[in-house]
Amino acid sequence: MRKTLKMFLYLIIGAAVGLLISSTARSIGGDVSTDRFYLGVSITTTIVAAFLIVLGIFQYRRLLTVAKDYVKYMDEDSYDKYRYNKHNEIQIYGVIGFVLSLVSLAIPLITYFNLSVLLFSFIVYIVSIIFLTRTTKLINKLYPERNLPQPSDKNYTDKLLLASDEGERHIMTTALYKTFSLTQVGIFVGILLLITYSMLTGESQIFSIIILGILMIITNTEYYSEIKEK
């Protein structure tokens, strides 16, 4: 699982870097044409998104099948570990598939319009939304004995922490802090890349830089406001 996710992450990063280099080269007078590259990126991301969603659906159905009568497949301790890990894997497939489908849909809408690619991307995008919506309710099906809140519930975070034991809360808070730190680094690097791109090509990315700056301010302010002593 980890190796597969790392492979997809490297592919995404490579595509993003290649797109940046190609766009920069064209903007400063190079001979690199980005039209076909944009089209290729859109098709590739759509295919990867579709693959991840199909894989996620397969894992989703398999997990529900096991959950109906897990004693046929494994003992209770193994099942607890299995359903916990599989639930998280399915969430990852759903989120990555959704984001990639959104990116693949945006490319033909903004840059290189192609009706067939647009329709393909749109279909995958809709399927990803439906799948992601279904996965948000999966945890309640896996833990019917626990009074776990729905993501749409008011004060969802507080209710989820209250329904979790000490070990689960430790895992969640550790993961959330690591995610917060990674997000801040990602936003900062994104701002630097946009500044570099603007300087090299002369195409202003001020709006994007401002949006990322605002997001960085909001997330930091919200985080430190929440953890300060009440």
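## Describing the nonpolar core
Grouped together as the largest cluster of nonpolar side chains are 19 residues, with contacts concentrated most on L63, I90, L138 and L142. Elements supplying a minimum of two residues to this core: helix 2 (35–68), helix 3 (76–110), helix 4 (115–135) and helix 5 (138–142). Considering each element in turn, this core owes the most residues, seven residues, to helix 2. Setting aside residues no more than four positions away along its own chain, I90 makes contact with G56, Q59, Y60, L63, F131, T135 and L138.

## A word on a nonpolar patch on the surface
Taken together, the side chains of I57, F122, I123, I126, V127, I129 and I130 make up a nonpolar region of the molecular surface, amounting to roughly 550 Å² of accessible area. With six residues, the single largest contributor to the nonpolar patch is helix 4. On the secondary structure map, I130 appears in helix 4. On the basis of relative accessible area, I130 is assigned to the partly exposed category, the value being 49%.

## A few points about the environment of T133
Within the secondary structure layout, T133 lies in helix 4. The sequence separation of T133 and G94 amounts to 39 residues, and the corresponding C-alpha distance is 9.1 Å.

## What to know about the side chain of S104
Mapped onto the secondary structure, S104 falls in helix 3. The exposure class of S104 is buried, given its relative accessible area of 0%. Among the polar contacts listed, one links the side chain of S104 to the backbone oxygen of S101, at a separation of 2.8 Å. In this structure S104 touches S42, T45, T46 and S121, once residues within four positions along its chain are discounted.

Calculation criteria
Residues numbered from 1 in each chain as written. Predicted model: local features only at pLDDT ≥ 70, side-chain atom pairs only at ≥ 80, totals over all residues. Heavy atoms only, no water. Core = buried A, V, L, I, M, F, W, Y, C linked by side-chain atoms within 4.5 Å. Buried < 20%, exposed > 50% of the residue type's maximum accessible area, 1.4 Å probe, protein only. Helix = DSSP H or I, 4+ residues; strand = E, 2+ residues; numbered from the N terminus. Contact = heavy atoms within 4.5 Å. Patch = residues over 30% accessible without salt bridge, like charges linked within 9 Å, V, L, I, M, F, W, Y side chains within 5 Å. Areas by Shrake-Rupley, 256 points an atom, 1.4 Å probe, with all protein chains shown as cover. Salt bridge = Lys/Arg side-chain N within 4 Å of Asp/Glu carboxyl O. Polar contact = N/O pair within 3.5 Å; in protein donor to acceptor, adjacent residues only side chain to side chain.

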